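Next come the chains, spelled out residue by residue.
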Amino acid sequence: MSHDGKPARRRRRDQTPDAHRFPTRPYDLVKEFVIAVAVVGVLVAVLAAVFSSPDRKAITLENWANADPNDVVATAAGELAGTTTSAGYGAPYNRASDGQKLGPLPLQRWGSVRIPIDSANDLVIEPLSTVTGDPALTLALRTWHSASPDQQTKWAGNYSDALTATPDGNPSQVKPGDYGPVPVLAARFLTLARTGGLEGLLTSRHTFYATDQTKPLLLLADGAYLEDQARADHLGGDQWGMMNETGNYPGQPWMWLYTFWYQIKPFSTSGNADALVWALMAVLTLGLILLPFIPGLRSLPRHLGVHRLIWRNQTPAQRP
Amino acid sequence: MSSEQHATSSWTVWLRNHIKRTVPEGQWLPDRQPAYVRSWIYVFGVATLAAFLFVLASGLALAVGGAAWWHTSRVGHFFNSMHLWSTELFFVFMVIHLWGKFFMAAWRGKRALTWITGAVAFVGSIATAFTGYLSQTNFDSQWISTQAKDGLNSVGVGALFNVLNLGQMLLWHIVLLPLVVGVLVVLHVILVRRHGVVPPFDAQPPEPAALAHTELPEPAMQAPTDGADPVQVPR
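Residues numbered from 1 in each chain as written. Chains lettered and ligands numbered in written order. Predicted model: local features only at pLDDT ≥ 70, side-chain atom pairs only at ≥ 80, totals over all residues.

This part takes up the overall build of chain B. Across its full length, chain B holds nine helices and one strand. Helices and strands appear in chain B in the N-to-C order α-α-β-α-α-α-α-α-α-α. Split into buried and exposed, the 235 residues of chain B put 46% on the buried side. Across chain B, contacts joining residues at least 24 apart in sequence account for 68% of those joining residues at least 6 apart. (Helix = DSSP H or I, 4+ residues; strand = E, 2+ residues; numbered from the N terminus. Buried ≥ 20, exposed ≤ 12 C-beta atoms within 10 Å, placed from the backbone. Contact = placed C-beta atoms within 7 Å.)

Turning to the overall build of chain A, a few remarks are in order. Looking only at helices and strands, chain A has 15 helices and one strand in total. Against the globule reference of 20 Å for 320 residues, chain A gives a C-alpha radius of gyration of 30 Å, more extended than a compact globule. Seen through its C-alpha atoms, chain A measures out along the principal axes to roughly 95 × 60 × 40 Å. Taken across its 320 residues, chain A has 32% of its residues classed as buried. (Rg over C-alpha atoms; globule rule 2.2 N^0.38 Å.)

Listed per partner, the contact involves 91 residues of chain B and 86 residues of chain A. Ranked by residue count, the leading element in the side of chain B that touches chain A is helix 5 (residues 74-103) of chain B, at 15 residues. Partitioned by chemical class, the residues of the side of chain B that touches chain A number 53 nonpolar, 28 polar and ten charged. Note that strand 1 (residues 24-26) of chain A and strand 1 (residues 32-34) of chain B share three bridges and pair antiparallel. (Nonpolar A, V, L, I, M, F, W, Y, C, P; charged D, E, K, R; others polar. Pairing = 2+ DSSP bridges.)

Here the focus is the nonpolar core. Judged by nonpolar contacts, the single largest core of 110 residues is most densely connected at Ala77, Leu185 and Phe189 of chain A together with Ala51 of chain B. No other element matches the eleven residues that helix 5 of chain B contributes to this core. Setting aside its immediate chain neighbours within four residues, Leu185 of chain A contacts Ala76, Leu80, Val124, Leu128, Ala140 and Trp144 of chain A. (Core = buried A, V, L, I, M, F, W, Y, C linked by C-beta atoms within 7 Å.)

Now for unusual backbone geometry. Residue and element names in this part refer to chain A. Residue Pro92 is reached from Ala91 by a cis peptide bond, and omega for that bond is 10°. By the element assignment, Pro92 lies in the loop between helix 3 (69-81) and helix 4 (107-110). Looking along the chain, the bond that leaves Lys265 and enters Pro266 is cis, with omega of 5°. At His234, a residue that is not glycine, the phi angle is positive and equals roughly 60°. Within the element layout of this structure, His234 appears in the loop between helix 11 (225-232) and helix 12 (256-261).

Relative orientation of the contacting elements helix 13 (residues 273-289) of chain A and helix 6 (residues 112-134) of chain B amounts to 145°, with a least axis distance of 8 Å. Contacts between helix 13 of chain A and helix 6 of chain B involve Thr285, Leu288 and Ile289 of chain A on the former and, on the latter, Ile116, Ala119, Val120 and Val123 of chain B. In the contact of helix 13 of chain A with helix 6 of chain B, the residues fall into six nonpolar, one polar and no charged. (Axes fitted to C-alpha atoms, helices over the stretch in contact; angles between N-to-C directions.)

So, on to the confidence of the model for chain B. Reading predicted coordinates in detail is not appropriate for stretches of low pLDDT. Residues and elements named next belong to chain B. Per-residue confidence for chain B averages 87 on the pLDDT scale, and 86% of its residues sit at or above 70. This model gives residues 212-235 a pLDDT under 50, and the stretch forms 39 contacts once residues within four places in sequence are excluded. For this predicted complex, the interface score ipTM comes out at 0.90, alongside a pTM of 0.89. (pLDDT = per-residue confidence, 0-100.)

Now for the environment of Asp122 of chain A. Residue and element names in this part refer to chain A. Looking at the element boundaries, Asp122 is found in helix 5 (residues 119-129). Residue classification places Asp122 among the buried positions, given that 20 C-beta atoms sit within 10 Å. The sequence separation of Asp122 and Gln15 amounts to 107 residues, and the corresponding C-alpha distance is 65 Å. With sequence-adjacent residues up to four places away left out, Asp122 is seen in contact with Ile117 and Lys215.

With that settled, the discussion passes to helix 13 of chain A. With 17 residues, helix 13 of chain A extends 24 Å between its outermost C-alpha atoms, agreeing within 8% with the 24 Å of an ideal straight helix rising 1.5 Å per residue. Every buried residue belonging to helix 13 of chain A is among Asp274, Ala275, Leu276, Val277 and Trp278 of chain A, and all of these are buried. Packing partners of the buried residues in helix 13 of chain A comprise helix 4 and helix 12 of chain A together with helix 7 (139-154) of chain B. (Expected span 1.5 Å × (residues − 1).)

The terminal C-alpha atoms of helix 1 (residues 29-51) of chain A, which comprises 23 residues, lie 32 Å apart, in line with the 33 Å expected from a rise of 1.5 Å per residue. On the buried face of helix 1 of chain A, the contacting elements are helix 3 (43-65) and helix 5 of chain B. One or two residues past the end of helix 1 of chain A sits Ser52 of chain A, with phi positive at roughly 55°.

All names here are of chain A. This prediction gives chain A a mean pLDDT of 91; 94% of its residues lie at or above 70. Between residues 1-10, whose pLDDT stays under 50, and residues either more than four places distant or in other chains, the model counts three contacts. In the predicted structure, residues 316-320 sits below a pLDDT of 50 and forms ten contacts with residues beyond four places in sequence or in another chain.

Given below as structure tokens:
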């Protein structure tokens, strides 16, 4: 204990003096601001005029169907079989899995099913149910609905496997098998996508103003086409894709640290990579925000010495 | 009611006094700065503010034509390009400003809240820029949203902040997040003006007695306290 009874090892008080007690010199803040606005304005205008900005058109489901029809058929069969990413996702879309965990904490499951999506029914069967004047489709849908869930899964799984066994997943080369109505449903789904009306059936069937693209985006992401296109543009997760954008543009370089973790182990090989990276970034962000209160780290700048480059003109009178 | 009673019960007087105490007159727009403010690093705070203005202005121009206007109009596309490049510059300046303040340990001298508002504004700006990419209604939006959903869903917040919902993301991008960042920037600037620029490590101001020998005008000789008018001494 010190002589005044207070703990000897108490925290050293911040002795930084009031800035207003130091000698001053003229400084025109308004002039500085106006010059900054002018310089930045010119820079922005020149950069915009010279380099423009990327705008690769969105992939429509019609584009997808015309560019990679086999992928659309395989995706439809996968949705019906429950083998696509969205079908087995877990929260917030369904209860097909627990999703990612942070150690023992099932954070994803705790988020609960708040955007319920039954991939087979919501993404494939319901849109097909709106088609009229196609007896073969009507019969296929009736057969599908009258079958048990196990039978449905078996048919769709058999057809998915058969598609995988063909060169390029070509439906016309699938060998005969126990597929039930699935080949008809998948083929008609491709036809529906080619009409250009599938987006509307997924987004605005029950509302006039459609602002939520969750279903068509989940469907598109369930296929391989979107990812193939992205990887060709160096946008894959293992290609630093989270901070890139199409073309030779800077993208979001401020997300380099977030993207960095996905490139290294254990994150790059973990099934819980997203939860782990988010937790790590949350800790690091909290550390940045609370830096003034973290012993050791808050003293680091004094020892690094970079401040000597900034305060080179400090007069002897200002030194202790 | 006496004038004294009025002064103690008036909310208006309370607010006026509170504002005066927070940033006394003369500190809002001082025409002098401490002599140690003499480096290019100090320019980047103002440069960040300038870039922020162009982000807001180009964003407002894009809002006039609507979410998909820039896909079909050359003028709209130019404003989108200005929005992109002002955002890039905004982050470049802000990151340099942030590193500069880190190397100065600019949280010293009761400036922790200044650092915190700046750091939270930085994080908020990243979220705002991210929702901008989601609101572009093009291929980048499709790919980024379908990838980003996994991160948010993995920690259980993907339904609250649904990156696949264009309507929600657009409103977050043009209303909620800019409002948060804007308020934080205003608070940050108020705190900077309130506390002044952090002094160098271990620097000590001259003793008041030493100042007494300098023939300064009377107002500048008043006892300097935190929140008082800047003491002016000749260079």
